[in-house]
Amino acid sequence: MSCGGVEFKTKGRDDQAECEDVGPESFPGKVAGSFGINAAAMIKAFCKPRIKVGTEWVTKGQTCEQATGSVGGIGRAIFDRVFKWLIEKCNDTLIDPTLKKANFCAVLDIAGFEIFEYNGFEQISINFVNEKLQQFFNHHMFVVEQEEYVKEGIDWVMVDFGMDLAAAIIMFEKPMGIWAILEEESLFPKATDKSFEEKLKASLGKLPVFLKPQSKTDKNAHFAISHYAGIVSYNVTGWLEKNKDPVNDSVVEILKSTSSVPLLVHLWRDHPGQPTTAPKDDGKKKKKGGGKTVSSVYLVSLIELMTTLHSCEPHFVRCLVPNTHKKPGDVEPPLIMHQLTCNGVLEGIRICMRGFPNRMLYPDFKMRYAILGATEMASSSDNKVATYALMDKINFDRQRYRLGHTLVFFRAGALAGLEEARDDIVIKLVRYMQGEVLKRMRTVVYEKKRDQRELIKVAQRNFRKYMSMRDWGWFVIIQKTRPMIGQPNPEEELRLLEEQANNVWGKYDEQVQTKAKLLEDNVTIGDEKKALLTQLESEQGNLSVYHDKQAKAASGIVDLEGQLSVAQETLVQREQTRQDATGEKKLLEQEVVSVKKDIDDVDVSIQKIEQEKTNKDHTIRSLNDEIANQDEVINKLNKEKKHVSENAAKSMEDLQVAEDKVNHLNQIKNKLESTLDELEGSYEKEKRSKANIEKERRKVEGDLKVMQETVADLERTKKELEGSIQRKEKDSSGLFGKLDDEQSLVAKVQKTIKEIQSRVEEMEEELEAERQGRAKAERQRSDLSREMENLNERLSEASGATSAQIELNKKREAEVTKIRRDLEETQIQQESTIVGLKKKQQDANAEMQEQIEQLNKIKAKIEKDKTVIMHEIADARAATDEVARSKASSEKSLRNLQTTLNELGKKIEEANLTLGDIESGKRKLAAENADLLRHLQELENSANMLAKLKLSLADQLGEARAVADNEAKERQSLLGKFRNAEHDVAGMKDHFDEEVSSKENIGRQLSKAVCEADLMRERYEKEGVAKAEELEMGKLKMQARLSEAESTADQLQAKLAQVEKAKSKLSSELESMAGQLDQAQILNSSMEKKAKQFDRIVGEWKGKVDSIGMDLDNAQKETRNASSELFRVKSAYDEAVMQLDEVRRENKTLSTEIKDIMDQISEGGRSIHDIDKICKRLEAEKMELEAALSEAEGALEQEENKVLRAQLELTQLKQEIDRRMAEKDEEFAATKKNMTKAIESMQSAVETESKGKAEALRMKKKLESDVLDLDCNLEHANAANAETQRTIKNYQLSLREAQSKLEEQQRAKEIAHDELINAERKSNSNQNALEESRTLLEQSDRARRMVEQELADTNETLSEQTCTNQAIQGSKQKLESEMSTMEADCDEMASEAALSEEKAQRAM
C-alpha cells in the first residue's frame, strides 16, 4: 500500500524521473523505513538504476512510468516472497519431520473456465490450467473405469479420453507454441504486441485449434482458441509487458546489502542483484534477476501441481451458482448451462455415454429381477448363462448391457427398461392381492347382511304371533299382569326409612350432648384462667406491659393476616388474570403469526422500495459523476489551452534557434563552394535516397490533404452544431422564462417528480447507450492511433535511410583519404586553378546571398505571425481570466441554489415516498381488481357451461324418471299379482284348515295311505329339497350381485353429491365474486381516470426531459469534436517541427562534410588535367545540388505554410472557444438575473403570505395531506400495476390450467353421467328382477313351510287316520292335484330363477 503512494515528477524538458520529498513522513520515507534502508539511496536506485555494459557499470535514466512500474514490481515481488515464506513456516510447524510417510489432505479450489467480454493474459492462463485439469479428470475417471471393464472381462477397446484435449494442450506446450513464442518475444527488446500477434499467426495459424477471432463483444480481438468448453477470442494487448519481470536489480542489491530487516535479506538471498565482486561470466549469464518471466514461473508451478495431483487420490466436487442476484428458489438455466460447460460436466457426460455407468452384482441382479423369469434364472448355475436367458426372454438388446465376471454392466438409461418390466409384473401381483383383500372384506359384509335377513325373519315371525294372539284373553291378562310382577311394598319401605331416621337422629343427639359438656368445661377453664391470672399478677407483678405488647403483636398478626388474605385474594385474581392472559396470549400469538405474515409482506415491499431507492441514488450519483466529468472536460480544455500557449513559446524559441542556424549557414556557404567538385559520386546516391524521400513525402502530403478535408468536414459539422446550440440556447431562454412562471406551481411539480424519476431511469438507459457510443468512438480513436503509429514507423524507416546516408558518408571518408593522397601529389598543379575557382566561388556567393535575402523575408513574415499569435494569446489569457471569475461567481450562486434545491428535494423525496406507498396500494388494488374481473368472467363462462350441462342433465333425468315410472307401474302390477297370489294362499290355508277338521273323519283311511305317503315323502326329499337348494344358491348369487350393484349405485350417488356440492360452492363463489366485481369496476374506473391524468403529466415532463437530454448530447458531441480537432492540429504541428529538425540535421551533416573537403583541398593539389575533370564534374553536381536545395526550400516553404495554417486554425479554435465561453457567461448572467428576479418575487410573495399565515398553514396542511395521499396512491398504483402485470401472467397460467382441468372434469362428468344412467337402468332392471325373485322365493318358502306343517300334522295324525282310508282317498286326490300344481309352480320358479340369473349375468 505504501509503495503505491510513491510518486515521481519530471523537471525541465528531460523525461528523467525525480522524487523531491524523501522525508520520514512521506511515502518514500515510510517505504524505506519499513525496508530498513536509506530513502535517498532507494529513490536514486529507482530513478537512475545501474546497468552493466560490457565490463563497466552505467547509470540509466528512467521515466516516471518506468520508475513507478519498478516500484510496483518490487512491492509485488516482496509480497510474493513473504507469502511463500509464511507457507513454508506453516508447513514447518504443521509437518513433523520425524514421520516417515508424507500423507496429507488438500483442497484445490480452482476458478472455472473464463469466457468474458474481454479475454486477456489472465484468462488464457486460467483456461490453460482448466484444460490440464480436465485432461487429468478424464484420465483419472475414465482410465480407472476402463481398467475395471478389462478386469471384468468385457469386450472393450481402451479409449484415451484425455486425448480429446490434446490438440489445444500441444499447441500451448510445443517448442514453437504459444508459451514459447511469448517467452521469446518478452526477451526480445524491440518486440511489440503487433509482432507477437504476427508471429503467433505465422507459426500456429494453420492449426485447427487456432481460429480467427469470433467475439461479438470485443471487436479488437486478435485470435481465438477452440477449448474443450467452447471457442474463446483473445486480445494480446499488453501481454509482453505483463509477462516481463520488472524487478529493479539496483534496488534488490540495496535491500540485500544495506537493509536492517533480516527477513528482507533472507527473502532476497536467492536473487543475484548487482554484486560488485561478481566475475564477468556471471554478469553475462544473468542480466536481470535470472531472466525469469511470469509465464515461466506459471508453467513451473503448473507442472508441480500436476505432478502432485498425479501422485494423489483425488475426488471431484462441482459447485454451481443458481443465479447472479443471490435469490433463493430462483434458477437461471443459461447461467447453469454456462457453468456446466465451463466446468467440463457436459464433456464428462459425453464421455460417460460411451461407457457403462450402471452396474450390479449377480446376487443383487438375481434377487431383484428373478421375477421377470424365475425358470430362466433357475435353469443354470452359471450366472452369465442364466442372465443371458433372462434377457433374451424379455427381448432386451445385448448392445445395451455387458456381462462381467462378477458384475452386470448397463449403458446409460438401459436399467430403466428393466425397472419398467419389473414394475409391470409387480403391479399385476399387487392388483391380485388387492382383489383377494377386497373379496375378504366384502364376504364379511355379505355375512352380516345374511344374518340381518335371518333376524328380520325372526322379528316377522314374532310379530305375526303377536298379531294372531293379541285378541286372545289369556294373552291380554298376561300382558297386563306382567308389569305387576316384582313391584315393591310401600309399608316395608316406610319401616326401613324410619329405622334409618332413628339411627341418624341418635348420632345427632350424641353430638349435641357432647357440645353442651364442652361448653361447661370451657366455662370452668375460663374461671381457672382468671384465678391463675390474679395469682400471676400478685406473684410476678404487673404484666400489663407484656399484655400490651402481646395485644400489639396480636393486632399486628391480625393486620398481617388481613394483608395475607388480601394478598391471597390478589394472588387468586392474578392467577385468574394470568389464565385470562394466557388465553389472550394464545389469541395474541395467533394474531402475532398473522401480523408477522403481514410484517413479512411489508418487509418484502420495503425491500422493493429500498431497491428502488438504491436505484434512484445510483441514478443521482451517475448524474453527479456526469457533472464532474463535464467539469473535468472543461478543465482539460483549459489545460490544453495552456499547452497550446506553451507550444507557441517553444515555437518562438525554435525560430530563434533557426535564425542562429541561418547565420551559421552563411558562414559555411564559402566552404560549400569549395567542396562541390568532390561530391559527384555521392550525389547520385543522395539523389536516389531523395527520390524515395520525395515519394514518402508525397504520400504524407496526400494523407495530410485527406486529413485537411476531414477537418473541413468537421468544421462544417461544427458550424451546424453551433447553429443547433444557438437554437437550443433560445429554447433554454424560453425554458428559463417558463421556470419563473412555474415556481408558483411547486405543488404540482412535487406530484410529477416521481414520474420524472421514472424518466431519469430511461435517461440512464440512454446514457448507457451513449457510453457504448463513446466506447465505439474510443475504439475509432485507437484505430486512428494505430494509423499514426504506422506513419511513425514510416518516418522511422525514413530515419533508417538517413542512417544509410551516414554509412555512405563513412565510405566517402575512406574515398576522401584516397583523394588526400592524390591531392598531395597535385598541390603544385592546383595553385594555377585556384584563380578560376575563386571566380566560381564569387558567383556561388552571389547566389547564396540571394537565398539569404529570401530567408530574411521569410523570417520577417514569421515574426509578424509571431506578434499576431502573441496578441491572440494575451487576449485568450484575459478571456480565460474573465471566464474563471465569472465561473467562480456562478459557482457560488449555483451552490446556494443547490442547497435550496437539496432542501426542496428532501421534502419532495418524503412526499414521493408517501406517494409511492399510495401508488403501490393503488396498483395492487387495480391488479387485484383486474384479476378478479378476469376470474369472474371465467367463472361466469364456467357457470354458463354448468347451466347448459344442468339443462342436459335435467332432460336426461326426465327421461330416466319416465323410464322409472314405467318400471314402477310394472312393479305395481307385479305387486298386485303377488297380492292375488297371497290371497289365493290364504284361501288355500282356510281350505287346509277345513281339511284338517275333516282329517278326524279320514283317520281310518290313513293306514291305507301310509305307503303312498312314504312314497310321496321320498319323492319330495329327492326332488323338492334339491330344487329348494338350487333356489337358495340362486338366491345367494342374486344377493351378491345385488350388493355389488348397490355399492356401485352408492358410489355414483356419492359422486353426484360431490358434484352438487361443488356446484353449490361455485354458485356461492359466483355470487361473492359478482359483488367484488361491482366494487372492482367502480375502483377501476376511478383509478383509470387518475391514471389518465398522471399519464398526461408524465407525457409533458417526458417531452421536457427529452429536449434537455438532446441539448446535453449535442453539447457533449461538440466538446468531443473540438478536442479531436485540437489533437489533430497538435499532431500536424509536431510533424512539421520534426521535418524541420530533420532538414536542419541534414544541413549540419552537409556543412561538416564541406569543411572536411575544404581542408583536404587546402592541404594538397593535383594535376591541372585531373582538376579540370573534377571541376567539370563538381559543376554538374553543383547544379544538381542547387536544384535539390531549391526543392528543399520549396518543401520548407510548404511546411511553413502548413504550420501557419495550423496556427490559424488554432487561433480560430481559440476564438470559437472564447466566443462559446462568453455565450456561456451571458447565459449564466441571464440565469442569475432570472434567479434574482425569482428571489425578489419570492420575497414579495413571502411578505404577502406572512399576513395570511394562519390560513396558508391550514391550506398547506390540507395540501400536504392531499399530496401525500396522491403520492401514496400514485406509488401504490405503480407498484400495483407492476404486480398486476405479474399476477395477470400468473392468473393467465392458472386460468389455462383451471380451464384444462375444468374441461377434463366436464369430460369425466359426462362419462360419469353416462355411466350413472346406464347403472340406473341396470339397477332398475336388477331391482325388478330381484323383487320378482324375492316374491318367488317367499312363495316357495311359504309352500315349503306349509308342506313341513302338513308333514308334521300327518305324522301326528297317523295313529288317528287308520280308520279313515275312504276319506283319505278323497283327500289323496286333492293332495295329488295340489302336488301337481306345486310342481308346476316349482318348474315356473326354476325357469324364472334361470331367467333372472341370465338377466343378472347380462347386467353384470
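Up top you'll find the structure we're talking about.
In this text, all values refer to a predicted model and were calculated from it rather than measured experimentally.

Draft legend 1. Summary view of the overall build of the protein. Secondary structure assignment for the protein yields 28 helices and ten strands. Within the protein, buried positions represent 26% of all 1404 residues. For the protein, long-range pairs separated by at least 24 residues make up 79% of all intrachain contacts whose partners lie at least 6 apart in sequence.

Draft legend 2. Inspection of the pairing of strand E4 (residues 56-59) at higher detail. The pairing of strand E3 (residues 50-53) with E4 spans four bridges and is antiparallel. Within E4, the residue paired with Ile 51 across the bridge is Val 58.

Draft legend 3. Region of the structure containing helix H15 (residues 362-369). Taken together, the buried positions of H15 are occupied by Tyr 362, Phe 365 and Tyr 369. Taken down its axis, H15 places every buried residue within 60° of arc, on the same side. What points out from H15, more than 90 degrees from its buried face, is the exposed set Pro 363 and Met 367.

Draft legend 4. Quick peek at a nonpolar patch on the surface. Taken together, the side chains of Met 337, Leu 346, Ile 349 and Met 353 make up a nonpolar region of the molecular surface, amounting to roughly 360 Å² of accessible area. One can find Leu 346 in helix H14 (residues 345-352).

Draft legend 5. The arrangement of the nonpolar core in detail. Formed by 31 residues in total, the largest nonpolar core has its most connected members in Leu 200, Phe 223, Ile 225 and Trp 239. Among the secondary structure elements, those contributing two or more residues to this core are helix H4 (121-151), helix H5 (166-173), helix H6 (178-187), helix H7 (193-204), strand E6 (223-227), strand E7 (230-234), helix H8 (239-243) and helix H12 (294-310). Take this core: its biggest share by element is six residues, from H4. If sequence neighbours within four positions are ignored, Trp 239 has contacts with Gly 120, Phe 121, Ile 124, Leu 182, Asp 193, Phe 196, Phe 223 and Tyr 234. With 28 residues, the next largest nonpolar core counts Ile 37, Ala 67, Val 247 and Leu 264 among its residues.

Draft legend 6. Seen up close, a negative patch on the surface. A cluster of acidic residues, Glu 970, Glu 1332, Asp 1385, Glu 1388 and Glu 1392, forms a negative patch on the protein surface. Along the chain, Glu 1332 turns up in helix H27 (residues 1253-1356). Owing to a relative accessible area of 31%, Glu 1332 belongs among the partly exposed residues under this scheme.

Draft legend 7. Quick peek at the sheet that holds E6. Strand order in the open sheet formed by three strands is E5-E6-E7, with antiparallel pairing between adjacent strands. Of all the strands in the sheet, just strand E5 (210-211) and E7 have a single pairing partner and so form its edges.

Draft legend 8. Representation of the sheet that holds strand E10 (residues 407-410) within the structure. Taken in spatial order, the three strands make up an open sheet running E8-E10-E9, and their pairing is antiparallel. Bordering the open sheet on either side are strand E8 (358-361) and strand E9 (401-403), each of which pairs with just one other strand. Averaged over neighbouring strand pairs, the angle between their axes works out to 20° when direction is ignored. Sheet topology places E8 next to E10; four bridges connect them, and they run antiparallel. When the sheet's bridge partners are listed, Leu 361 is paired in E10 with Leu 407. Lying over the sheet, helix H17 (residues 383-393) contacts E9 and E10, oriented at roughly 155° with respect to E9.

Draft legend 9. Representation of unusual backbone geometry within the structure. Phi is positive for Asn 395, close to 60°, though the residue is something other than glycine. Relative to the helices and strands, Asn 395 resides in the loop between H17 and E9. Asn 395 sits in the exposed class, given a relative accessible area of 69%.

Draft legend 10. Up close: the packing of H6 against H7. Here H6 crosses H7 at 145°, and the two axes come no closer than 10 Å. Where H6 crosses over H7, the two elements pack in a sense that is right-handed. Contacts between H6 and H7 involve Ile 178, Ile 181, Leu 182, Glu 184 and Glu 185 on the former and, on the latter, Ser 195, Phe 196, Lys 199, Leu 200, Ser 203 and Leu 204. A breakdown of the residues in the contact of H6 with H7 according to their chemical character gives six nonpolar, two polar and three charged.

Draft legend 11. Looking closely at a positive patch on the surface. A contiguous patch of positive charge on the surface is contributed by Arg 461, Arg 464, Lys 465, Lys 989 and Arg 1345. When residues in the positive patch are grouped by element, the largest group, three residues, is from helix H18 (residues 414-469). Here Arg 461 shows up in helix H18.

Draft legend 12. Fine view of the pattern of salt bridges. The full count for this structure, using the stated rule, is eleven salt bridges. The salt bridge involving Lys 201 is made with Glu 197; its shortest N-O contact spans 2.7 Å. Taken together, the residues span about one helical turn, with Lys 201 and Glu 197 both in helix H7 at a distance of four residues. Given a relative accessible area of 40%, Lys 201 falls into the partly exposed group. The salt bridge involving Arg 368 is made with Glu 419; its shortest N-O contact spans 2.8 Å. Of the two residues, Arg 368 is situated in helix H15 and Glu 419 in helix H18; the sequence distance between them amounts to 51 residues. The structure contains a network of salt bridges with shared partners spanning Glu 184, Glu 185 and Lys 199.

Draft legend 13. Up close: the packing of helix H1 (residues 27-35) against helix H2 (residues 39-47). Contact pair H1 / H2: the axes reach a minimum separation of 9 Å and the direction vectors enclose 105°. In terms of orientation, H1 and H2 fall into the roughly perpendicular class. Judged by residue contacts, Pro 28, Gly 29, Val 31, Ala 32 and Phe 35 of H1 engage Ala 39, Met 42 and Ile 43 from H2. For the contact of H1 with H2, the per-class residue count stands at seven nonpolar, one polar and no charged.

Draft legend 14. Representation of the packing of aromatic side chains in the model. Taken as a whole and judged by the stated rule, the model has 18 aromatic pairs. The interplanar angle of 65° and the centroid separation of 6.0 Å between the aromatic rings of Phe 121 and Trp 239 together place this pair among those described as edge-to-face. Taken together, the residues span a long stretch of sequence, with Phe 121 in helix H4 and Trp 239 in helix H8 at a distance of 118 residues. Comparing Phe 121 with Trp 239, the two get one shared label, buried.

Draft legend 15. Summary view of the side chain of Ser 259. Assignment of secondary structure puts Ser 259 in the loop between helix H9 (249-258) and helix H10 (262-267). According to the relative accessible area criterion, Ser 259 is buried, its value standing at 13%. Within the local environment of Ser 259, its side chain forms a polar contact with the backbone nitrogen of Val 261, the two atoms lying 3.2 Å apart. When sequence neighbours within four positions are dropped, the list of residues in contact with Ser 259 reads Phe 35, Gly 36, Ile 37, Ile 254, Leu 264 and Val 265.

Draft legend 16. Summary view of the side chain of Ser 250. Take Ser 250: it is sitting in helix H9. Overall, the relative accessible area of 7% leaves Ser 250 in the buried class. Non-local contacts of Ser 250, meaning those with residues more than four positions away in its chain, are made with Ala 45, Pro 49, Arg 50 and Gln 274.

Draft legend 17. Just H17, in detail. Looking at H17, one finds that the buried residues are Ala 386, Thr 387, Leu 390 and Met 391. Relative to the axis of H17, the buried residues are bounded by an arc of 130° and lie together on one face. The inward-facing, buried residues of H17 contact H15, helix H16 (374-378), E9, E10 and H18. Asn 395 occupies a position one or two residues after H17 and carries a positive phi of about 60°.

About the cut-offs
Residues numbered from 1 in each chain as written. Predicted model: local features only at pLDDT ≥ 70, side-chain atom pairs only at ≥ 80, totals over all residues. Heavy atoms only, no water. Helix = DSSP H or I, 4+ residues; strand = E, 2+ residues; numbered from the N terminus. Buried < 20%, exposed > 50% of the residue type's maximum accessible area, 1.4 Å probe, protein only. Contact = heavy atoms within 4.5 Å. Pairing = 2+ DSSP bridges. Arc of directions from axis to C-beta. Patch = residues over 30% accessible without salt bridge, like charges linked within 9 Å, V, L, I, M, F, W, Y side chains within 5 Å. Areas by Shrake-Rupley, 256 points an atom, 1.4 Å probe, with all protein chains shown as cover. Salt bridge = Lys/Arg side-chain N within 4 Å of Asp/Glu carboxyl O. Core = buried A, V, L, I, M, F, W, Y, C linked by side-chain atoms within 4.5 Å. Lys, Arg positive; Asp, Glu negative; His and termini not counted. Charge placed at Lys NZ, Arg CZ, Asp CG, Glu CD. Axes fitted to C-alpha atoms, helices over the stretch in contact; angles between N-to-C directions. Left-handed = near helix turned anticlockwise from the far one by under 90°. Nonpolar A, V, L, I, M, F, W, Y, C, P; charged D, E, K, R; others polar. Parallel < 35°, antiparallel > 145°, perpendicular 65-115°, else oblique. Phe/Tyr/Trp six-rings, centres within 6.5 Å; stacked < 30°, edge-to-face > 60°. Polar contact = N/O pair within 3.5 Å; in protein donor to acceptor, adjacent residues only side chain to side chain.

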